[in-house]
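# Architecture at a glance
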Amino acid sequence: MIIGVDRYANLPPLPGVRNNLKALKAALTDRTIGGMPKKNCRIVSNPRTVTAALKPIEEAVRAARDTLIVYYAGHGFLDSRPEGLYLTLPGTEPGKVHSGIPYTWLSSALGTRTPPKRRIIILDCCYSGSVIRRMSVGTMSGTMSTAAATQQASSQLGEALFEGMDSLEGVSYLLTSTPWNVEALAPEGEEHTAFTGEFLRVLREGIPGPGPESAATGPAAAPPPHDHLSLEAIYREVRRALREKNRPLPQQQAQNGIEKLPFVRNRAARPAPPPGQTSQTDKTGESGESGPPGQNGRPGTPGEPGQASDVGSSGSAGTASPSGPPGTARSPVSPAPPAPEAVKARKVRRRALISVLCVAVVATAVPAAVWWQSRDDEPSSGACSDDVALIGHSDALNGVEYEGAVPVDGLSGLAMSGPSRAWALADNTPGRIFDLDLGTSGAAPPAARAVHLRTLRPTGGGRFDGEGLVLEKGGRTVLVASEAGPSIRRFRVSDGAETGRIELPRNLVEWAGPENLEALGASPDGRYLYAGMEAPLFRDGKARGRSLLRIQRFKGTPGGAYVPDKQFAYQSAAGLRVSELVAMGGDRLLVLETNHAEGQGNAVRVFGADLSRAKDVSQVASLQSEPVDAFAKKWEPVDLVTCPRGAAATAQPQSNPLLENAEGMALGTAPLASGPYKGRLPLFIVSDNNNSPHQITRVYALAIRTGRTGTGSGTGLGTEARTGTEARTGATAGAG
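Residues numbered from 1 in each chain as written. Predicted model: local features only at pLDDT ≥ 70, side-chain atom pairs only at ≥ 80, totals over all residues. Heavy atoms only, no water.

### Structural notes on the overall build of the protein chain
- Regarding its fold elements, the protein chain presents 10 helices and 37 strands.
- Within the protein chain, the proportion of its 736 residues that are buried is 60%.
- Summed over all atoms, the accessible surface of the protein chain reaches about 27700 Å², with 51% contributed by carbon and sulfur. (Helix = DSSP H or I, 4+ residues; strand = E, 2+ residues; numbered from the N terminus. Buried < 20%, exposed > 50% of the residue type's maximum accessible area, 1.4 Å probe, protein only. Areas by Shrake-Rupley, 256 points an atom, 1.4 Å probe, with all protein chains shown as cover.)

Written as structure tokens, this is what we have:
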């Protein structure tokens, strides 16, 4: 069953999906590849109803006897309900889950007591990896890597999606185009979607080189047939190719070793050399075509295990042999060399405009992932952009326990309490704030240490997940934005007791998903409070991959009452989410946008935003219909990937080892009085290690110029209507 949706009434079209369907059927029914009878391969294009999509699957379940393959390509979106991933139909509307198909319905349609011995599902849509069950690494062949499992464990959304789900119930093998929190790509100008394009390339061209040795039997055992490819071999080659192109990495999950069974013929197969004779490739470990990691005597790429062996029955796992019934051996196939255009395409890395297979068309925001080896001669400070410079960073808090008992980790909010002091909010349970001595007012690299701890005592029951932090004027109370609830609560610094809450507008509560209140900041005079959403409300969704977010402004007095004032529309950069904001005064903000992609690393970017001309959208039901000029004007002062990387350690692939999971941000209390960045304001950023050995608690110190005039395409932190330096005067009105 090959199912795809390329035409939508309310979402961007996906012409690559239409090409996917035809090409995949052609490959699976090609006698030199899959050999499946054409009558057994059905395309369902643009099913308009749930029944039209699922009924053909139910019919195929009843008809199949050996193996059933179900492929889906189209937009996909996540929801906080147990269903998690939703597939889309031509009439699916953004934010309306009832207009899509829960993945759980598709898996249920496969049944568990019906004849097919093997049920294979291939999903090419945004967030498709969310259907893969979270499990301990090493318990099942084909499970996700440690890095992926760690990243999932760090997300409350991930926990909600995977709790109680068994993705392999009724399914023998799952192959997804992305990890759980990453959009799938449909590169503009390419014939197919990113994942399916590579999948088809492997089917059409095969994988050159002899079959790898079995890890179980060792070199002395008879090698597996090299004229067939297993699902495991296909997965690893597709993953390798996508990694090279800096595109989302596929995930797989299997049971009973199905991923090691022969699946299709290998078009690049060569007859094995006579006994005692070694091929030139075996001698050198190289060949004209680069196979997947682990083949031809080459080790796997960093973070990628070597190629698994193709062991199991001698028959195809899902296709009929052109030379006999399933289970019979197939004769070797002469190698079919790839076309010169295909070879050239693999060797040349082109930067294409990229769209995504989710509820909008998206460009990836995470740079290329490599294992950096920082050298002593690389600077650890210096210019990142025209307006921002890196003063330095400190990992002194990483792995540290306050008074040998409480880990200083999970830091998600930051608020300045003095020139070189700050409170940092931990999102762990129970909530805590750490009093940090940063070791600098911004003129020198930080040397952070925790000097005090206060445990917060929320009331009213329920879960508390502090993400944003504001230290109110006078320093006696803090405001904390909790993603769980959501809520904004006030706590006394002296004893951590909750003293009150700020009422939120109804739409921020009723239409918020699990990723909601993440950012909190106060204007320098404390008159206004700004709360930012990490992800869109269900009704708002995305547009061309940019999250349509809301920033709520409250009006009030520090330590007193705050009431909802205005609500502003804000578009994130493609693929990024809002992690923090800092209020500069005059409705100007600094906004921290971040993301993480398994195998690619972190993206950390700081934007300037001007809300003064943005429309008040308090009464707007959905931002989908709002014009561009209704949103806050924004520009980008810095992408941290451009900062000097010297002396930075990293525990996972990063395009720059300086990058980590940045979540908290605060402006210093006064401009720098000396040094090369005299007159600039210090900007401090802290990262959340998510209690993971693969992430680092890191403090950054930057110097940022705030007096330049912002333009739509330029840099600087001013606005078109406002120039000159605006000094930050509220020393204790820090923002986190």
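### Thoughts on the environment of G585
- Tracing the backbone through its elements, the reader meets G585 in strand β31 (residues 577-585).
- Owing to a relative accessible area of 10%, G585 belongs among the buried residues under this scheme.
- Separated by 57 residues in the primary sequence, G585 and Y528 have C-alpha atoms spaced 8.8 Å apart.

### So, the nonpolar core
- Within the largest apolar cluster, 74 residues are counted, with the highest numbers of intra-cluster contacts made by I57, L85, Y103, I121, F199 and I234.
- If near-sequence neighbours (up to four positions away) are discounted, L85 is found in contact with F77, L78, I101, P102, Y103, L123, C125, C126, Y127, S128, S130 and V131.
- Core analysis: the second largest hydrophobic core is formed by 24 residues, V388, V638, A648 and L667 among them. (Core = buried A, V, L, I, M, F, W, Y, C linked by side-chain atoms within 4.5 Å. Contact = heavy atoms within 4.5 Å.)

### Remarks on the packing of aromatic side chains
- For the coordinates displayed, the defined rule picks out 3 aromatic pairs.
- Between the aromatic rings of F77 and Y86, the centroid separation amounts to 5.3 Å while the plane-to-plane angle is 10°, which identifies the pairing as stacked.
- With a relative accessible area of 5%, Y86 lands in the buried category.
- Pairing F464 with F491 gives two aromatic rings, centres 5.7 Å apart and planes at 70°, and the pair type is edge-to-face. One end of the pair, F464, is in the loop between β21 (449-455) and β22 (466-471); the other, F491, is in strand β24 (residues 487-492), and 27 residues separate them in sequence.
- Taking the relative accessible area as the measure of exposure, F464 reaches 9% and is therefore buried.
- Residue classification places F491 among the buried residues on the basis of a relative accessible area of 0%. (Phe/Tyr/Trp six-rings, centres within 6.5 Å; stacked < 30°, edge-to-face > 60°.)

### What to know about the state of the cysteines
- Per the counting criterion, the structure on display carries 1 disulfide.
- Note on cysteine connectivity: C384 is disulfide-linked to C643, with sulfurs 2.1 Å apart. Where C384 bonds to C643 through sulfur, the torsion about that S-S bond is close to 115°, and the disulfide is right-handed. With a gap of 259 residues between them, C384 in the loop between β14 (382-383) and β15 (388-394) and C643 in the loop between β34 (633-639) and β35 (662-667) connect regions that are remote in the sequence. Across this residue pair, the class does not change: C384 and C643 are buried. (Disulfide = S-S within 2.5 Å.)

### Let's talk about the sheet that holds strand β4 (residues 76-78)
- Read from one edge to the other, the open sheet built from 3 strands follows the order β4-β5-β6, with strand pairing classed as antiparallel. Strands with a single pairing partner mark the edges of an open sheet, and in this sheet they are β4 and β6 (101-102). (Pairing = 2+ DSSP bridges.)

### Structural notes on unusual backbone geometry
- Here the residue pair G485 and P486 is connected by a cis peptide bond, since its omega of -20° sits within 30 degrees of zero.
- Relative to the assigned elements, P486 resides in the loop between β23 (477-482) and β24.
- Positive phi, normally seen in glycine, also occurs at E403, with a value near 50°.
- For E403, the location among the structural elements is in the loop between β16 (401-402) and β17 (406-407).
- Even without a glycine there, the phi angle at D587 is positive, about 60°.
- Residue position: D587 is located in the loop between β31 and β32 (588-597).

### Here we look at the pairing of strand β25 (residues 498-502)
- One ladder, built from 4 bridges, connects β24 with β25; its direction is antiparallel. Looking at β25, one finds that F491 is bridged to E498.
- With antiparallel pairing between neighbouring strands as the criterion, β24 and β25 make up a hairpin whose turn holds 5 residues, including G496 at a positive phi of roughly 80°.

### Description of the sheet that holds β25
- Strand order in the open sheet formed by 4 strands is β22-β23-β24-β25, with antiparallel pairing between adjacent strands. Each edge of the open sheet carries a strand with a single partner, namely β22 and β25. The average angle at which neighbouring strand axes cross in this sheet is 25°, direction not considered. (Axes fitted to C-alpha atoms, helices over the stretch in contact; angles between N-to-C directions.)

### Thoughts on the pattern of salt bridges
- The tally for this structure, following the rule as stated, stands at 31 salt bridges.
- For K245, the salt bridge is made with E198, and the minimal N-O distance between the two is 2.5 Å. On the criterion of sequence distance, the pair formed by K245 in the loop between α7 (231-244) and β11 (251-254) and E198 in helix α6 (residues 194-205) is long-range, its members being 47 residues apart.
- The class of E198 is buried, set by a relative accessible area of 5%.
- Within this structure, E198, R201, E237, R240, E244 and K245 form a network of salt bridges that share partners. (Salt bridge = Lys/Arg side-chain N within 4 Å of Asp/Glu carboxyl O.)

### Focus on the confidence of the model for the protein chain
- Per-residue confidence for the protein chain gives a mean pLDDT of 77, with 72% of residues at or over 70.
- Of the regions scoring below 50 in pLDDT, residues 210-225 engages in 16 contacts with residues more than four places distant in sequence or in other chains.
- This model gives residues 340-355 a pLDDT under 50, and the stretch forms 26 contacts once residues within four places in sequence are excluded. (pLDDT = per-residue confidence, 0-100.)

### Focus on helix α3 (residues 103-110)
- All of the buried residues along α3 are Y103, L106, S107, A109 and L110. Each buried residue of α3 sits inside an arc of 155° when the element is viewed along its axis, so together they form one side.
- Elements in contact with the buried residues of α3: α2 (50-63), β3 (67-73), β5 (85-87), β6, β7 (118-124) and β8 (173-176). (Arc of directions from axis to C-beta.)

### Some thoughts on the pairing of strand β29 (residues 546-556)
- Within β29, 9 of the 11 residues are buried, leaving the element largely enclosed by the surrounding structure.
- As paired elements, strand β27 (residues 528-533) and β29 share 5 bridges and run antiparallel to each other. Of the residues in β29, the one forming a bridge with Y528 is K555.
- Alignment of strand β28 (residues 542-543) against β29, held across 2 bridges, turns out to be antiparallel. Paired with K542 across the bridge in β29 is S547.
- Between β28 and β29, which follow one another and run antiparallel, lie 2 residues, and R544 among them has a positive phi close to 50°.
- For β29 and strand β30 (residues 562-571), the ladder comprises 9 bridges, and the chain directions are antiparallel. Looking at the pairing, K555 lines up with V563 of β30.
- The antiparallel pairing of β29 with β30 creates a hairpin that spans 5 residues between the two strands, and G559 there sits at a positive phi of about 80°.

### A word on the packing of α2 against α3
- Where α2 meets α3, the closest approach of the two axes is 8 Å, and the angle between their N-to-C directions is 25°. With respect to α3, the element α2 is oriented roughly parallel. Like other packed secondary-structure pairs, α2 and α3 cross with a definite hand, here right-handed. Within the contact between the two elements, α2 uses V50, L54, I57, E58 and V61 and α3 uses W105, L106, A109 and L110.
- Counted by class, the contact of α2 with α3 contains 8 nonpolar, no polar and 1 charged residues. (Parallel < 35°, antiparallel > 145°, perpendicular 65-115°, else oblique. Left-handed = near helix turned anticlockwise from the far one by under 90°. Nonpolar A, V, L, I, M, F, W, Y, C, P; charged D, E, K, R; others polar.)

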